[in-house]
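Listed below are the residues making up each chain.
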Amino acid sequence: MLKAVLPIKDKLYRYALRIVGNKMSAEDVVQEVLIKVWQKKDQLEKIENKEAWCMTVTRNLALDKLRRKKVILDDVDDHRGISDDNMSPYRALQSDDTMKIIRDAIQELPEAQQQVIHLRDVEGYTYKEIADITGFSSDKVKVYLHRARITLRHKLTSIYA
Amino acid sequence: MSEVHNIKALTEKYWAGETTLEEERILNAHYGEQTEQGPEQALFSFLHEERSVQYTKEVTMPVVRRSKWTTRLLSIAATLLILMGSWWGINQATAPSNKVTIDDPQLALQITREAFALINGKVDKGEQAIMDNILHLDKTLIFKNL
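Residues numbered from 1 in each chain as written. Chains lettered and ligands numbered in written order. Predicted model: local features only at pLDDT ≥ 70, side-chain atom pairs only at ≥ 80, totals over all residues.

I'd like a rundown of the overall build of chain A, residues and numbers included.
When helices and strands are tallied, chain A shows 10 helices and 0 strands. Order of helices (α) and strands (β) in chain A, N terminus to C terminus: α-α-α-α-α-α-α-α-α-α. In chain A, which comprises 161 residues, the proportion classed as buried is 35%. Summarising the internal contacts of chain A: among those between residues at least 6 apart in sequence, 71% fall at separations of at least 24. (Helix = DSSP H or I, 4+ residues; strand = E, 2+ residues; numbered from the N terminus. Buried ≥ 20, exposed ≤ 12 C-beta atoms within 10 Å, placed from the backbone. Contact = placed C-beta atoms within 7 Å.)

Laid out in C-alpha coordinates, this is it:
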(Lines give C-alpha, C1' and ligand atoms only; values in the text may rest on other atoms or scores of the structure.)
Protein backbone atom coordinates (compact mmCIF):
# COMPACT_ATOMS: atom_id res chain seq x y z
CA MET A 1 0.00 0.00 0.00
CA LEU A 2 2.78 2.41 0.98
CA LYS A 3 4.54 1.60 -2.29
CA ALA A 4 1.81 3.51 -4.10
CA VAL A 5 1.96 6.57 -1.87
CA LEU A 6 5.53 7.05 -0.65
CA PRO A 7 7.08 8.04 -3.99
CA ILE A 8 4.45 10.72 -4.48
CA LYS A 9 4.10 11.99 -0.92
CA ASP A 10 5.88 15.25 -1.81
CA LYS A 11 3.54 15.80 -4.74
CA LEU A 12 0.53 15.16 -2.51
CA TYR A 13 1.89 17.55 0.08
CA ARG A 14 2.63 20.31 -2.46
CA TYR A 15 -0.81 19.97 -3.99
CA ALA A 16 -2.48 20.09 -0.58
CA LEU A 17 -0.31 23.07 0.34
CA ARG A 18 -1.32 24.86 -2.86
CA ILE A 19 -4.98 24.44 -1.95
CA VAL A 20 -5.01 24.99 1.83
CA GLY A 21 -1.99 27.34 1.91
CA ASN A 22 -0.97 26.18 5.37
CA LYS A 23 1.77 23.73 6.35
CA MET A 24 -0.02 22.00 9.22
CA SER A 25 -3.29 21.65 7.36
CA ALA A 26 -1.44 20.28 4.31
CA GLU A 27 0.30 17.70 6.53
CA ASP A 28 -3.07 16.73 7.97
CA VAL A 29 -4.42 16.29 4.46
CA VAL A 30 -1.54 13.97 3.51
CA GLN A 31 -2.17 11.94 6.66
CA GLU A 32 -5.86 11.72 5.80
CA VAL A 33 -4.95 10.59 2.28
CA LEU A 34 -2.86 7.79 3.81
CA ILE A 35 -5.82 6.68 5.90
CA LYS A 36 -8.09 6.81 2.87
CA VAL A 37 -5.63 4.75 0.81
CA TRP A 38 -5.35 2.29 3.70
CA GLN A 39 -9.13 1.93 3.88
CA LYS A 40 -9.35 1.35 0.13
CA LYS A 41 -6.30 -0.89 -0.11
CA ASP A 42 -8.33 -3.79 -1.49
CA GLN A 43 -9.69 -1.66 -4.33
CA LEU A 44 -6.36 0.03 -5.03
CA GLU A 45 -5.13 -2.84 -7.18
CA LYS A 46 -7.99 -2.28 -9.61
CA ILE A 47 -7.21 1.43 -10.02
CA GLU A 48 -5.28 2.01 -13.24
CA ASN A 49 -3.62 5.33 -12.42
CA LYS A 50 -2.94 5.20 -8.68
CA GLU A 51 -1.04 8.47 -8.66
CA ALA A 52 -3.92 10.38 -10.27
CA TRP A 53 -6.33 8.72 -7.85
CA CYS A 54 -4.21 9.76 -4.84
CA MET A 55 -3.99 13.31 -6.21
CA THR A 56 -7.77 13.42 -6.62
CA VAL A 57 -8.24 12.23 -3.04
CA THR A 58 -5.78 14.92 -1.92
CA ARG A 59 -7.68 17.56 -3.87
CA ASN A 60 -11.04 16.57 -2.40
CA LEU A 61 -9.76 16.39 1.17
CA ALA A 62 -7.88 19.68 0.85
CA LEU A 63 -10.89 21.47 -0.63
CA ASP A 64 -13.06 20.00 2.09
CA LYS A 65 -10.67 21.22 4.76
CA LEU A 66 -10.53 24.64 3.15
CA ARG A 67 -14.31 24.93 3.17
CA ARG A 68 -14.71 23.61 6.73
CA LYS A 69 -12.45 26.17 8.29
CA LYS A 70 -10.66 29.24 7.17
CA VAL A 71 -7.00 28.25 7.38
CA ILE A 72 -4.43 30.72 8.56
CA LEU A 73 -1.71 31.32 6.05
CA ASP A 74 1.82 30.76 7.26
CA ASP A 75 4.64 33.22 6.89
CA VAL A 76 5.92 33.45 3.36
CA ASP A 77 8.84 31.02 3.62
CA ASP A 78 7.62 28.90 6.50
CA HIS A 79 6.08 26.21 4.36
CA ARG A 80 8.74 26.07 1.68
CA GLY A 81 10.81 23.53 3.59
CA ILE A 82 14.14 24.81 2.26
CA SER A 83 16.67 26.99 3.99
CA ASP A 84 18.93 29.70 2.57
CA ASP A 85 21.81 27.20 2.72
CA ASN A 86 20.40 25.02 -0.02
CA MET A 87 19.00 27.88 -2.05
CA SER A 88 19.27 27.10 -5.74
CA PRO A 89 21.25 29.32 -8.12
CA TYR A 90 17.89 29.98 -9.70
CA ARG A 91 16.52 31.28 -6.42
CA ALA A 92 19.62 33.22 -5.47
CA LEU A 93 18.97 35.68 -8.26
CA GLN A 94 15.48 36.43 -7.11
CA SER A 95 14.62 38.61 -4.18
CA ASP A 96 12.13 37.43 -1.59
CA ASP A 97 9.87 40.22 -2.78
CA THR A 98 9.72 38.78 -6.28
CA MET A 99 8.95 35.33 -4.95
CA LYS A 100 6.24 36.78 -2.75
CA ILE A 101 4.75 38.72 -5.64
CA ILE A 102 4.55 35.57 -7.76
CA ARG A 103 3.15 33.51 -4.88
CA ASP A 104 0.53 36.15 -4.14
CA ALA A 105 -0.30 36.45 -7.83
CA ILE A 106 -0.95 32.70 -8.00
CA GLN A 107 -2.90 32.83 -4.74
CA GLU A 108 -5.13 35.52 -6.22
CA LEU A 109 -6.02 33.39 -9.24
CA PRO A 110 -9.38 31.60 -9.20
CA GLU A 111 -9.07 28.24 -7.41
CA ALA A 112 -9.38 26.16 -10.59
CA GLN A 113 -6.61 28.14 -12.31
CA GLN A 114 -4.35 27.81 -9.26
CA GLN A 115 -4.74 24.05 -9.31
CA VAL A 116 -4.20 23.71 -13.05
CA ILE A 117 -1.07 25.87 -13.15
CA HIS A 118 0.32 24.00 -10.13
CA LEU A 119 -0.33 20.56 -11.65
CA ARG A 120 1.13 21.59 -15.00
CA ASP A 121 4.04 23.90 -14.18
CA VAL A 122 5.16 22.46 -10.85
CA GLU A 123 4.28 18.77 -11.19
CA GLY A 124 4.50 18.44 -14.98
CA TYR A 125 1.28 16.54 -15.62
CA THR A 126 -0.28 16.23 -19.08
CA TYR A 127 -3.63 17.86 -19.83
CA LYS A 128 -5.27 14.44 -19.70
CA GLU A 129 -3.78 13.70 -16.27
CA ILE A 130 -4.84 17.10 -14.95
CA ALA A 131 -8.34 16.46 -16.28
CA ASP A 132 -8.38 13.07 -14.49
CA ILE A 133 -7.21 14.60 -11.21
CA THR A 134 -9.43 17.66 -11.17
CA GLY A 135 -12.47 16.37 -12.99
CA PHE A 136 -12.34 19.27 -15.46
CA SER A 137 -12.49 18.51 -19.17
CA SER A 138 -9.19 18.68 -21.11
CA ASP A 139 -10.47 21.77 -22.94
CA LYS A 140 -11.23 23.52 -19.67
CA VAL A 141 -7.79 22.61 -18.36
CA LYS A 142 -6.22 24.33 -21.40
CA VAL A 143 -8.44 27.39 -20.95
CA TYR A 144 -7.63 27.69 -17.22
CA LEU A 145 -3.91 27.31 -17.89
CA HIS A 146 -4.00 29.92 -20.63
CA ARG A 147 -5.86 32.39 -18.41
CA ALA A 148 -3.57 31.75 -15.46
CA ARG A 149 -0.43 32.32 -17.53
CA ILE A 150 -1.85 35.49 -19.09
CA THR A 151 -2.58 36.92 -15.64
CA LEU A 152 0.88 35.98 -14.35
CA ARG A 153 2.59 37.41 -17.40
CA HIS A 154 0.69 40.67 -16.99
CA LYS A 155 1.72 40.98 -13.33
CA LEU A 156 5.34 40.00 -13.90
CA THR A 157 5.75 42.25 -16.92
CA SER A 158 4.48 45.22 -14.93
CA ILE A 159 7.14 44.53 -12.26
CA TYR A 160 10.00 44.33 -14.76
CA ALA A 161 8.79 47.13 -17.03
CA MET B 1 20.93 33.47 -32.98
CA SER B 2 18.35 30.97 -34.16
CA GLU B 3 18.41 29.38 -30.71
CA VAL B 4 17.50 32.71 -29.11
CA HIS B 5 14.77 33.15 -31.66
CA ASN B 6 13.56 29.66 -30.89
CA ILE B 7 13.45 30.36 -27.15
CA LYS B 8 11.55 33.58 -27.76
CA ALA B 9 9.01 31.72 -29.86
CA LEU B 10 8.73 28.98 -27.25
CA THR B 11 8.28 31.57 -24.52
CA GLU B 12 5.42 33.14 -26.44
CA LYS B 13 3.89 29.69 -26.88
CA TYR B 14 4.31 29.10 -23.15
CA TRP B 15 2.49 32.29 -22.17
CA ALA B 16 -0.28 31.38 -24.60
CA GLY B 17 -0.61 27.98 -22.89
CA GLU B 18 0.29 26.07 -26.05
CA THR B 19 3.62 24.44 -25.20
CA THR B 20 4.15 20.73 -24.79
CA LEU B 21 5.76 19.28 -21.67
CA GLU B 22 8.97 18.76 -23.64
CA GLU B 23 9.03 22.41 -24.72
CA GLU B 24 8.39 23.47 -21.14
CA ARG B 25 11.40 21.38 -20.06
CA ILE B 26 13.53 23.23 -22.62
CA LEU B 27 12.35 26.56 -21.22
CA ASN B 28 13.01 25.41 -17.67
CA ALA B 29 16.56 24.46 -18.57
CA HIS B 30 17.12 27.66 -20.52
CA TYR B 31 15.86 30.07 -17.88
CA GLY B 32 17.64 28.10 -15.18
CA GLU B 33 20.97 29.07 -16.74
CA GLN B 34 20.06 32.69 -17.35
CA THR B 35 21.57 35.37 -15.16
CA GLU B 36 19.53 38.15 -16.66
CA GLN B 37 16.49 38.93 -14.57
CA GLY B 38 13.12 39.12 -16.21
CA PRO B 39 9.54 37.87 -15.90
CA GLU B 40 10.31 34.42 -17.30
CA GLN B 41 13.46 33.94 -15.22
CA ALA B 42 11.52 34.98 -12.10
CA LEU B 43 8.62 32.65 -12.84
CA PHE B 44 10.76 29.61 -13.67
CA SER B 45 12.86 30.31 -10.59
CA PHE B 46 9.69 30.33 -8.52
CA LEU B 47 8.47 27.07 -10.09
CA HIS B 48 11.84 25.46 -9.44
CA GLU B 49 11.58 26.42 -5.78
CA GLU B 50 8.04 25.08 -5.57
CA ARG B 51 9.21 21.68 -6.88
CA SER B 52 11.76 21.40 -4.08
CA VAL B 53 9.14 21.56 -1.31
CA GLN B 54 9.09 18.23 0.50
CA TYR B 55 6.86 16.46 2.97
CA THR B 56 9.17 16.21 5.96
CA LYS B 57 6.78 14.68 8.48
CA GLU B 58 7.28 11.01 9.25
CA VAL B 59 4.92 8.75 7.34
CA THR B 60 3.05 6.58 9.80
CA MET B 61 0.75 3.72 9.01
CA PRO B 62 -2.79 4.32 10.22
CA VAL B 63 -3.73 2.29 13.29
CA VAL B 64 -6.76 0.08 12.76
CA ARG B 65 -9.30 1.27 15.29
CA ARG B 66 -12.40 -0.76 16.10
CA SER B 67 -15.52 0.97 17.23
CA LYS B 68 -16.64 0.49 20.85
CA TRP B 69 -19.56 -1.63 19.70
CA THR B 70 -17.34 -3.94 17.65
CA THR B 71 -15.02 -4.41 20.62
CA ARG B 72 -17.94 -5.15 22.95
CA LEU B 73 -19.53 -7.62 20.55
CA LEU B 74 -16.22 -9.40 20.05
CA SER B 75 -15.77 -9.65 23.86
CA ILE B 76 -19.27 -11.10 24.29
CA ALA B 77 -18.69 -13.60 21.46
CA ALA B 78 -15.39 -14.70 22.98
CA THR B 79 -16.94 -15.15 26.45
CA LEU B 80 -19.82 -17.20 25.01
CA LEU B 81 -17.38 -19.38 23.11
CA ILE B 82 -15.37 -20.09 26.27
CA LEU B 83 -18.53 -20.89 28.28
CA MET B 84 -19.89 -23.25 25.59
CA GLY B 85 -16.53 -24.97 25.31
CA SER B 86 -16.33 -25.46 29.07
CA TRP B 87 -19.91 -26.81 29.24
CA TRP B 88 -19.21 -29.32 26.46
CA GLY B 89 -15.98 -30.44 28.12
CA ILE B 90 -17.67 -31.00 31.49
CA ASN B 91 -20.54 -32.92 29.85
CA GLN B 92 -18.14 -35.19 28.05
CA ALA B 93 -16.30 -35.97 31.28
CA THR B 94 -19.42 -36.80 33.32
CA ALA B 95 -21.53 -38.61 30.65
CA PRO B 96 -22.27 -42.36 31.46
CA SER B 97 -20.20 -44.72 29.34
CA ASN B 98 -21.60 -47.67 27.24
CA LYS B 99 -18.54 -49.79 27.96
CA VAL B 100 -19.02 -53.10 29.90
CA THR B 101 -16.05 -54.63 31.64
CA ILE B 102 -16.10 -58.38 32.41
CA ASP B 103 -13.34 -59.70 34.59
CA ASP B 104 -14.36 -63.40 34.56
CA PRO B 105 -13.04 -65.14 31.34
CA GLN B 106 -15.71 -67.91 31.48
CA LEU B 107 -18.51 -65.43 31.75
CA ALA B 108 -17.01 -63.42 28.89
CA LEU B 109 -16.84 -66.58 26.72
CA GLN B 110 -20.45 -67.44 27.50
CA ILE B 111 -21.69 -63.95 26.68
CA THR B 112 -19.71 -63.97 23.42
CA ARG B 113 -21.19 -67.36 22.41
CA GLU B 114 -24.70 -66.16 23.12
CA ALA B 115 -24.04 -63.05 21.07
CA PHE B 116 -22.78 -65.12 18.12
CA ALA B 117 -25.76 -67.48 18.42
CA LEU B 118 -28.12 -64.54 18.31
CA ILE B 119 -26.40 -63.17 15.21
CA ASN B 120 -26.41 -66.63 13.62
CA GLY B 121 -30.16 -66.96 14.13
CA LYS B 122 -30.75 -63.61 12.51
CA VAL B 123 -28.57 -64.52 9.52
CA ASP B 124 -30.44 -67.86 9.08
CA LYS B 125 -33.76 -66.07 9.10
CA GLY B 126 -32.48 -63.64 6.48
CA GLU B 127 -31.19 -66.47 4.30
CA GLN B 128 -34.58 -68.26 4.47
CA ALA B 129 -36.40 -65.08 3.49
CA ILE B 130 -34.15 -64.64 0.45
CA MET B 131 -34.68 -68.28 -0.61
CA ASP B 132 -38.48 -67.87 -0.35
CA ASN B 133 -38.35 -64.80 -2.54
CA ILE B 134 -36.17 -66.52 -5.15
CA LEU B 135 -38.59 -69.46 -5.38
CA HIS B 136 -41.54 -67.09 -5.70
CA LEU B 137 -39.59 -65.22 -8.39
CA ASP B 138 -38.83 -68.47 -10.27
CA LYS B 139 -42.50 -69.51 -10.26
CA THR B 140 -43.61 -66.19 -11.71
CA LEU B 141 -40.93 -66.44 -14.35
CA ILE B 142 -41.72 -70.06 -15.19
CA PHE B 143 -45.46 -69.63 -15.35
CA LYS B 144 -45.54 -66.15 -16.82
CA ASN B 145 -46.90 -67.38 -20.21
CA LEU B 146 -49.76 -69.34 -18.68
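Kindly report on the overall build of chain B, identifying the contributing residues and their values.
Helices and strands together make up the secondary structure of chain B, namely 5 helices and 0 strands. Along the chain direction, N to C, the helices and strands of chain B fall in the order α-α-α-α-α. Among the 146 residues that make up chain B, the fraction classed as buried is 12%.

Let's hear about the interface of chain A and chain B: which residues, and what values?
Between chain A and chain B, the contact holds 36 residues from the first and 27 residues from the second. For the side of chain A that touches chain B, the secondary-structure elements that each account for two or more residues are helix H2 (9–20), helix H3 (23–39), helix H6 (89–92), helix H7 (96–108), helix H8 (111–122) and helix H10 (138–160) of chain A. Of the residues forming the side of chain A that touches chain B, the biggest block, 10 residues, is contributed by H10(A). Looking at side-chain class alone, the side of chain A that touches chain B contains 18 nonpolar, 8 polar and 10 charged residues. (Nonpolar A, V, L, I, M, F, W, Y, C, P; charged D, E, K, R; others polar.)

Explain the packing of helix H9 (residues 127–134) of chain A against H10(A) residue by residue, including any values.
Residue and element names in this part refer to chain A. One way to put it is that H9 packs onto H10 with a least axis distance of 8 Å and a crossing angle of 100 degrees. Judged by the angle between their axes, H9 and H10 are roughly perpendicular. On H10, the residues that touch Tyr127, Lys128, Ile130 and Ala131 of H9 are Ser138, Val141 and Lys142. Of the residues contributing to the contact of H9 with H10, the split by class is 4 nonpolar, 1 polar and 2 charged. (Axes fitted to C-alpha atoms, helices over the stretch in contact; angles between N-to-C directions. Parallel < 35°, antiparallel > 145°, perpendicular 65-115°, else oblique.)

Outline the nonpolar core, supporting the account with residue identities and numerical values.
Counting 43 residues, the largest nonpolar core has Ala16(A) and Val30(A) as the members making the most contacts within it. For this core, the elements supplying multiple residues, two or more each, are H2, H3, helix H5 (50–68), H7, H8, H9 and H10 of chain A together with helix H3 (39–51) of chain B. Excluding residues within four positions of it along the chain, Ala16(A) makes contact with Ala26(A), Val29(A), Val30(A), Thr58(A) and Ala62(A). (Core = buried A, V, L, I, M, F, W, Y, C linked by C-beta atoms within 7 Å.)

Describe the packing of helix H2 (residues 21–33) of chain B against H3(B), naming the residues involved and giving the relevant values.
Residues and elements named next belong to chain B. The geometry of H2 relative to H3 is characterised by a closest axis approach of 9 Å and an angle of 105 degrees between their N-to-C directions. Compared by their axis directions, H2 and H3 come out roughly perpendicular. The residues of H3 that touch H2, namely those facing Leu27, Asn28, Tyr31 and Gly32, are Glu40, Gln41, Phe44 and His48. Of the residues in the contact of H2 with H3, the class split is 3 nonpolar, 4 polar and 1 charged.

Break down the environment of Val29(A) for me, with residues and values.
All names here are of chain A. The topology assignment puts Val29 in helix H3. Distance from Val29 to Asn60, taken between C-alpha atoms, is 9.5 Å for residues 31 residues apart in sequence. Setting aside residues up to four positions removed in sequence, Val29 forms contacts with Ala16, Val20, Thr58, Leu61, Ala62 and Lys65.

Break down the confidence of the model for chain A for me, citing the residues and quoting the values.
Residues and elements named next belong to chain A. Looking at chain A as a whole, the pLDDT averages 85, with 83% of positions reaching at least 70. Contacts from residues 75–79, a stretch scored under 50 in pLDDT, to residues over four places away or in other chains number 6 contacts. Note on residues 81–86: pLDDT under 50 across the span, and 5 contacts to partners over four residues away in sequence or across chains. (pLDDT = per-residue confidence, 0-100.)

Please set out H8(A) residue by residue, giving values where relevant.
Taking 1.5 Å of rise per residue, 12 residues should cover 16 Å, and H8(A) covers 16 Å from first to last C-alpha, within 8% of that figure. H8(A) sits mainly inside the fold: 9 of its 12 residues count as buried. Residues of H8(A) that are buried make contact with H2, H7, H9 and H10 of chain A together with H3 of chain B. Of the residues one or two after H8(A), Gly124(A) is the one with positive phi, at around 70 degrees. (Expected span 1.5 Å × (residues − 1).)

A description of H10(A) should follow, citing residues and the corresponding values.
With 23 residues, H10(A) should reach 33 Å at 1.5 Å per residue; the first-to-last C-alpha distance of 33 Å fits that figure. Here H10(A) has its buried residues at Val141(A), Tyr144(A), Leu145(A), Ala148(A), Arg149(A), Leu152(A) and Leu156(A).

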